[in-house]
Amino acid sequence: MSRVTKKASSVCTDSPLSMSEVCRKMTLMRQILTSCFGPNGRLKQVHNNVGGHVLTTSTSTSLLQAVSSSEPLLKLITASILNHLSRFSDCGLYTGILCFSLIDHVQKSGLRPSVAIKINKQLLEVCTGFLNQEDCGCKVNVDFNSCQSLVTLARSVISSKPACVLTEGEQQHISTLAVHAFLLTVPCGDTPGSPDRVRLGRTVTVSIEGQFVLDSAVFPGLLVNVPDMQLHPTDSERTRRGPGPFRLALFTVSLSGDLSEFGEGSLEVHSGAPDPEHLILDELLKLGEQAVTDKVEVFMCQRVIHPVLQHYLRRHGVLVVERLGIALIQPIVQMTGAQAVALYQTPIPPEAYGQVKGCCVRTVGSREMLHLLPPREPAPAVCTMVLCHRNDTMLNKLKAACQRAEHVLRLTLRDPVALLGGGCTETHMAAYISNKGTTEAAKAALSLGVSQSQYLLGLNGFCSSLEAVALALVHDGETGLVDLSYAHHWSVLQGEAIHSGTVLQGEAIHSGTVLQGEAINSGTVLQGEAINSGTVPQGEALQRGDGDEIPTTCGCGLVERSARPGLEWTPLNTRYPSRPAPLVVDKDTTPQLRVLDSFTAKLNALQVAVEMANLVLDIRYVIQDVN
């Protein structure tokens, strides 16, 4: 078939980062991600101009999937962030903010992209080496003998999703339930047949709309919905009998006896031949006879069971459950050890039967559900998390947040450490590589084949990008600070005084402007020497306040103001002389940390952000097919 119009030539764009429209779109995306970051992040509503579904979210997964862009560079960055989230479920906004900040600083500094790429690669190695050190001041061991660090880790994930609309008490309750469900899915012993491998269980979520969040609960085993009817009196009697184990049979094929189950087509029945429906019913009754003979006590089907077969089984004391749905088949198989049977024309093999320890009826909200208890330990455990919320939208957000929290908790099994949250890891790591890079600038510049001034410029941009991530946590007119002793992140409201410490004020690194003192405490704005040298003279710029607006702890909760007298602070993204002392957590004590982040997820996010920034900086031409 010939074309209606002539095929157009592909469009080739030279140096896309030099185009103002591309830079404007990337700046806008960075602002969107930054405004969503942290527990106080702003919600975004995404909708189509012609109508349709309205999405309200602040999570990177939902936002990046809903927001489309025609810009190839943005598509590339979005795809890399979504790929990271598909593997780790956390730190998507962190990845985007850091990636865009690195690109922005390279463009503003005037460094050649090839030089910036080499410096970024070297500094990434320094960061990963620092985070993998045993005595890293940003890491905390996760002790599975105590739930405190696990609950903190889960709460950090759940509290960062403002669309869930939870109070502090509700956040703590849901976080505790998430940890409880996670621990129930971890087997107590080795996996049978594979002593060196651990096979985790599964958490099934049941959503109840219109109930209080504090009514949410976790149950070992499975809660199975009984659709459209109460349990049959015979079934109720079965659930009140003594403890099992009970033998269970599970079918995925329809046992309704309908001819339509055999597919579409015509069926010819010769005169005098038996009725096909009667033949099918005879086969179903033979199946029921075998189940009774094999002492099956729980008979379950994914689809519909013929009423005659149900009556026969119940008359012989068998608990019958139909219309399970496909979502529950795999959890039942995993918990009971049964094999899902897909045919009823052949006898049930003995190895297809599973077991449950017991069953009972539970009333959950307005629903009546059948509770199946797991047969034994250390079999892979399956548990049910019942989540309640006021409306369906909040309930869906809460369900997604709990699933992400479970994934983050599972990542700690492989590497039982966590990173300090609240921006403290970023500020501490920025101070570490700044000091290390400044000290070894000549050696590092020589090994990379760049000048020392270029290396320091690239180092400055890398550190400022890390601090920009911490600064993105600050909303509601707050100012981000960093203390000069441990390089942890603090936040204070603008225009309010600083108490019990010293605020060091200096030049903002990238804006070229001096931060105004009234944002801290009527401080003195230094001119001339401080701006040119990049350091702030001691004595002249130290201002003491007489209020008490500095929080009692840093962002992660490790550094307490009362326990560390004489702390000095400076606004983030300022030049300051500092050699942060790592505050190593004593293994014999359990600090009351407020925020923890997943070590595995954040380490991969750091690598993805730097590598993606380098890839974008290295792109010279973009070729687009416009047909």
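This write-up is about the structure you can find in this document. (Residues numbered from 1 in each chain as written. Predicted model: local features only at pLDDT ≥ 70, side-chain atom pairs only at ≥ 80, totals over all residues. Heavy atoms only, no water.)

Helix and strand content of the protein chain: 17 helices and 22 strands. Put simply, the protein chain has 627 residues, and 51% of those count as buried. Sequence separation of 24 or more characterises 76% of the internal contacts of the protein chain that already satisfy a separation of 6 or more. Here the protein chain displays about 29800 Å² of accessible surface, and carbon together with sulfur accounts for 51% of that area. (Helix = DSSP H or I, 4+ residues; strand = E, 2+ residues; numbered from the N terminus. Buried < 20%, exposed > 50% of the residue type's maximum accessible area, 1.4 Å probe, protein only. Contact = heavy atoms within 4.5 Å. Areas by Shrake-Rupley, 256 points an atom, 1.4 Å probe, with all protein chains shown as cover.)

The next thing to look at is the pairing of strand S8 (residues 246–251). Where a strand is regular, its side chains alternate between the two sheet faces. In terms of burial, S8 is largely enclosed, as five of its six residues are buried. As paired strands, S8 and strand S11 (residues 354–356) are joined by three bridges and run antiparallel to one another. In the strand pairing of S11, phenylalanine 246 is matched with valine 356. Of the strand pairs in this sheet, S8 and strand S9 (residues 298–301) are connected by four bridges, and their pairing is parallel. Residue alanine 249 lies in a different strand from S9, and its bridge partner there is phenylalanine 299. (Pairing = 2+ DSSP bridges.)

Moving on: the nonpolar core. Judged by nonpolar contacts, the single largest core of 71 residues is most densely connected at Leu131 and Leu606. Formed by 44 residues, the second largest nonpolar core is a distinct cluster that contains Ala178, Ala181, Cys556 and Leu596. (Core = buried A, V, L, I, M, F, W, Y, C linked by side-chain atoms within 4.5 Å.)

Looking now at unusual backbone geometry. Positive phi, normally seen in glycine, also occurs at valine 165, with a value near 55°. Looking at the secondary structure, you find valine 165 in the loop between helix H6 (148–159) and helix H7 (168–184).

Residues Phe144, Leu183 and Leu413 make up a contiguous nonpolar surface patch of about 210 Å² in total accessible area. If you trace the backbone, leucine 413 turns up in helix H12 (residues 392–414). By relative accessible area, leucine 413 is classed as partly exposed at 34%. (Patch = residues over 30% accessible without salt bridge, like charges linked within 9 Å, V, L, I, M, F, W, Y side chains within 5 Å. Salt bridge = Lys/Arg side-chain N within 4 Å of Asp/Glu carboxyl O.)

Looking now at the environment of leucine 309. In this structure, leucine 309 sits in helix H10 (residues 307–315). By relative accessible area, which is 0% here, leucine 309 ends up buried. For the pair leucine 309 and aspartate 282, spaced 27 residues apart in sequence, the C-alpha to C-alpha distance is 9.7 Å. Not counting chain neighbours up to four residues away, the residues in contact with leucine 309 comprise Leu255, Leu284 and Gly288.

To continue, consider the sheet that holds strand S21 (residues 596–598). Spatially, S4-S15-S21 is the arrangement adopted by the three strands of the open sheet, whose pairing is antiparallel. A single partner strand is all that each edge strand has here, and the edge strands are strand S4 (139–141) and S21. Within this sheet the neighbouring strands show an average axis-to-axis angle of 45°, counted without direction. With three bridges joining them, strand S15 (residues 417–420) and S21 adopt antiparallel strand pairing. Bridge assignment links leucine 419 to a residue of S21, and that residue is aspartate 597. Against the sheet, helix H17 (residues 599–618) engages S4, S15 and S21, with an angle of about 65° to S21. (Axes fitted to C-alpha atoms, helices over the stretch in contact; angles between N-to-C directions.)

Below, the discussion takes up the sheet that holds strand S7 (residues 222–225). As summarised here, the arrangement of the three strands in space is S7-S13-S12, forming an open sheet in which the pairing is antiparallel. The strands lining the two open edges of the sheet, one partner per strand, are S7 and strand S12 (358–364). Taking the axes of each pair of neighbouring strands and ignoring which way they run, one obtains an average angle of 35° across the sheet. In this sheet, strand S13 (residues 367–373) lies alongside S12 in antiparallel orientation, the contact comprising seven bridges.

Attention shifts here to the side chain of lysine 44. By the element assignment, lysine 44 lies in strand S2 (residues 44–46). Comment: no salt bridge for buried lysine 44; closest opposite-charge side chain is aspartate 476, at 11 Å. A distance of 2.7 Å separates a polar atom in the side chain of lysine 44 from a polar atom in the side chain of serine 35. In terms of polar contacts, lysine 44 uses its side chain to reach the backbone carbonyl oxygen of arginine 42, at 3.2 Å. Those residues in contact with lysine 44 that lie beyond four places of it in its chain are Ile32, Ser35, Cys36, Leu55, Thr56, Thr57 and Leu63. (Lys, Arg positive; Asp, Glu negative; His and termini not counted. Polar contact = N/O pair within 3.5 Å; in protein donor to acceptor, adjacent residues only side chain to side chain.)

Glancing now at helix H4 (residues 92–109). Residues separated by three or four positions in an α-helix point in the same direction, a consequence of the helix having 3.6 residues per turn. Between its first and last C-alpha, H4 extends 26 Å over 18 residues, near the 26 Å set by a 1.5 Å rise per residue. Of all 18 residues making up H4, 15 are buried, and the element is well covered by its neighbours. Looking one or two residues beyond H4, the residue adopting positive phi is glycine 110, at roughly 85°. (Expected span 1.5 Å × (residues − 1).)

Further remarks concern the packing of H4 against helix H15 (residues 452–471). Two elements in contact, H4 and H15, have axes whose closest approach is 9 Å; the angle formed by their N-to-C orientations is 145°. Handedness of the crossing formed by H4 with H15: right-handed. For the pair formed by H4 and H15, the contact residues are Tyr94, Ile97, Leu98, Ser101, Leu102, His105 and Ser109 on the first element and Leu457, Gly461, Phe462, Ser464, Ser465, Leu466, Ala468 and Val469 on the second. Looking at the contact of H4 with H15, its residues break down into nine nonpolar, six polar and no charged. (Left-handed = near helix turned anticlockwise from the far one by under 90°. Nonpolar A, V, L, I, M, F, W, Y, C, P; charged D, E, K, R; others polar.)

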